[in-house]
Structure formats: C-alpha cells, structure tokens
Amino acid sequence: MVAQIIDGKLFSQRLRDKVALNVADLKNNHKITPGLAVVLVGEDPASQVYVKSKGKQTKEAGMNSYEYKLKEDTLELDLLKLVYDLNNDDAVHGILVQLPLPPHINEEAVINAIDPAKDVDGFHISNVGLLATGQSSMVPCTPLGCLLMLKEFHGSLSGMDAVVVGRSNIVGKPMAQLLLNESCTVTITHSRTKNLEHVVGRADIVVAAVGKAEIVKGNWIKPGATLIDVGINRVEGSNGSKRLVGDAEFSSCSEVAGAITPVPGGVGPMTIACLLVNTLVACCRKYGLSEPDIKLS
Ligand code: NDP
C-alpha cells in the first residue's frame, strides 16, 4: 500500500475536544449551554443508530441534547408544529431533522421550515444560497468534514483539479461548492456521466459520494491523488457476515492514491463532529460571540 491513511477517527476526536473546550468556555464565562435538538420520525434502524450516536456525542461535548422520537405515521403538520416550537425555543441552538422522512412527509417543506440560523445540517434553501455565493452560512456536515480533512492534509487546495462523484443535495453539490470556494477546478459527475473513469483519472482530489459499493477502482485514480470516500455500504462477506465498505475499492485504490480515507473510520466520524461544530457556531452567532476556530491541528 502506498497511500497515506487520512484518519477521520483521530481528526474527529481532535475536533470534538476543541468543541468541548469552547463549550466549557461558553458555560463558564457566559453561562450559556449550546443545545441541539434532533428529530427522528419512524423506526429506520440506520437512522436510530445515527440519532443515538449524535445524542451521545452532543452530551460528551458538554452540550444539551434534546431528542424527539415521533411515530412513523406522524402528520406533516404535527412535525412542522414541532419545528416551529423548536425555532422559538431559546435553549435550542441547532435543529436537525433526521432524513429520510417517511414518504407521506414533504422533506423540502420540513427542512425549509427550520430557522436557517438553527439549520445545523445546512440544508435550508437560504444556507444553500449563502454557500453558493460564498457567504457565511451553515455548511452541511459531511462535506464540511471532507473539506477539513483535505485542508489538513494539503494546506491550500487552490488550483487543484477536483472531481466529485455524485450530485446529491446533501453531499455532492455542497462538496463541489466548497471545493470551488477553495479555488479548485471542480468537475461534478453523476449517473449519466460518460467515461467516468477517464474523468476521475484527471483529478488531484476525488470525492466519492455515490452509494454504490466499491465502484471506484484503483486503475481509475491518478497516482498520488487524494481520495475521500464518503460511501457507506453494507455488503455481505463470503462467510455471510456483513461488513461496511465505501464507494471506492480500498485494496486497489490504496495502491495508487497518495492519501485515502478508510471506511469505516474516515468521513463518518467527521460528520458528527462537524454537527457539533455547527451547533456551537449557531450558538455563538446567536449571542454575537466570536466563532470557534475549526482547524483540525
Ligand atoms: P444519493 O443516492 O442521494 O446520491 C448518489 C449520487 O451518485 C447521485 O447523484 C447519482 O447520480 C450518483 N450515481 C449513482 N450511480 C452512479 C454511477 N454509476 N456513476 C456515477 N454517479 C452515480 O446519495 P448521497 O449523496 O446521500 O450519499 C452517497 C453515499 O454517501 C451513500 O453511500 C451514503 O450512505 C453515504 N453518506 C455518508 C455519510 C457519512 O457521514 N459518511 C453522510 C451522507 C451520505 P444521479 O443524480 O444521476 O442519480
């Protein structure tokens, strides 16, 4: 293996330690405790795991965690009512509605009902527009985590060729926007892209956010490129046991890339750490306090 491992576990621990220090400072010097409300609708097992983990890490950082678990058949109107109540709750600085929502609920309507200043997922249309125009916004957690790791590894990204595989609103598009804001030359690819491996092969930075197990192969990658693997795919091993793999084939990609994030232990841990960062930022902004420095080192 030639690639250096970008250790998301280590970086996320550093980030969470920084958040905890900032929270302690807010409590001691300003008598303020940041609060994060997480709303889960339904019984989706993966979402339940994420919500539990978010709650645990929020408390470990010294923040208040408020969890709302609603039944699968909750009416959209009742969910909107809860969002409005949380918008008006002074103890709540961040609101996250866990996606996906059940099919009878309009996700866009719910996301856009969240106060943009409390939208710690960064999915509200106002935050999307602010990010697209390079203004101060709430940045979606997963792309933010990817960007922090890239900047930690490379320093400046200016002038680098970046290819983002995937164009979802929650990962691909904001990731591309962040890289563009860092003056990368950005290509966004998707399911209709022709000659995907050829396009990927030009990149100094590849971010794979596809949701297809090990689709990106080592022979696609330019030697020495940095590969950020966002994918989380559960596959069955030869003995029938389940394991997690990314959107890149780690064995072949790590032979060629200069640096690579593993799955698990790469982007995943950074996502929750960035949620805590965003909650802290939202809280500081509310009280006009200086925002935390969120570099990893
Ligand atoms: P989506 O399904 O919303 O988007 C997938 C994107 O991949 C789409 O834009 C799609 O193109 C594109 N795509 C699908 N097939 C191909 C293909 N053969 N070639 C090129 N592009 C393709 O997924 P998400 O963005 O929500 O998530 C992507 C992955 O990241 C998933 O594995 C998810 O579990 C993981 N994830 C991980 C997180 C973490 O914290 N680590 C957080 C969020 C997601 P098109 O638009 O044309 O359909």
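Further up the page is the structure itself.
Let me begin by describing the structure that accompanies this report. Bear in mind that the values here come from a model prediction, so they are computed numbers and not experimental data. (Residues numbered from 1 in each chain as written. Predicted model: local features only at pLDDT ≥ 70, side-chain atom pairs only at ≥ 80, totals over all residues. Heavy atoms only, no water.)

1. So, the site of the ligand
As a reminder of what qualifies: Here a residue is near a molecule or strand as soon as one of its heavy atoms is found within 4 Å of it. Under the rule applied, a polar contact is a pair of N or O atoms within 3.5 Å (in protein, one hydrogen donor and one hydrogen acceptor; residues adjacent in sequence only if both atoms are side-chain atoms). The protein chains shown are the only cover counted for residues, whose accessible areas, like all others here, come from Shrake-Rupley with a 1.4 Å probe. We count a stretch as a helix when DSSP gives it H or I for four or more residues in a row; a strand needs E for two or more, and each element gets its number in order from the N terminus.
Around the ligand sit 23 residues, and of these Arg 167, Ser 168, Ser 191, Ile 232 and Thr 271 come closest. Contacts to the ligand include Ile 232, whose backbone N or O atom sits 3.1 Å from an oxygen atom. Isolated, the ligand exposes 920 Å² of accessible area, and the fraction of that covered by the protein chains is 71%. Of the residues forming the shell around the ligand, the biggest block, 3 residues, is contributed by helix α10 (residues 267–286).

2. Quick look at the sheet that holds strand β4 (residues 94–97)
Strand pairing in a sheet is mediated by backbone hydrogen bonds. Such pairs are either parallel or antiparallel. The condition that has to hold: Any two strands with at least two DSSP-identified bridges between them are counted as paired. Fitted lines through C-alpha atoms serve as axes, helices being fitted only where they are in contact, and the angles separating the N-to-C directions of these axes extend from 0 to 180 degrees. Any two residues having at least one pair of non-hydrogen atoms within 4.5 Å are treated as being in contact.
Spatial ordering of the open sheet is given by β3-β2-β4, a layout of 3 strands whose pairing is parallel. Of all strands in the sheet, those bounded by a partner on one side alone are β3 (64–70) and β4. On average, adjacent strands in this sheet sit at an angle of 15° to one another, irrespective of strand direction. In this sheet, β3 lies alongside strand β2 (residues 35–41) in parallel orientation, the contact comprising 7 bridges. Bridging across to β3, Gly 35 finds its partner in Asn 64. Where helix α2 (residues 45–60) meets the sheet, its contacts fall on β2, β3 and β4, and the angle it forms with β3 comes to roughly 160°. Along the sheet, helix α3 (residues 76–87) makes contact with β2, β3 and β4, crossing β2 at roughly 180°.

3. A short note on the side chain of Asn 127
Note that Asn 127 resides in helix α5 (residues 125–132). Within polar-contact distance, the side chain of Asn 127 engages the backbone oxygen of Pro 116 at 3.1 Å.

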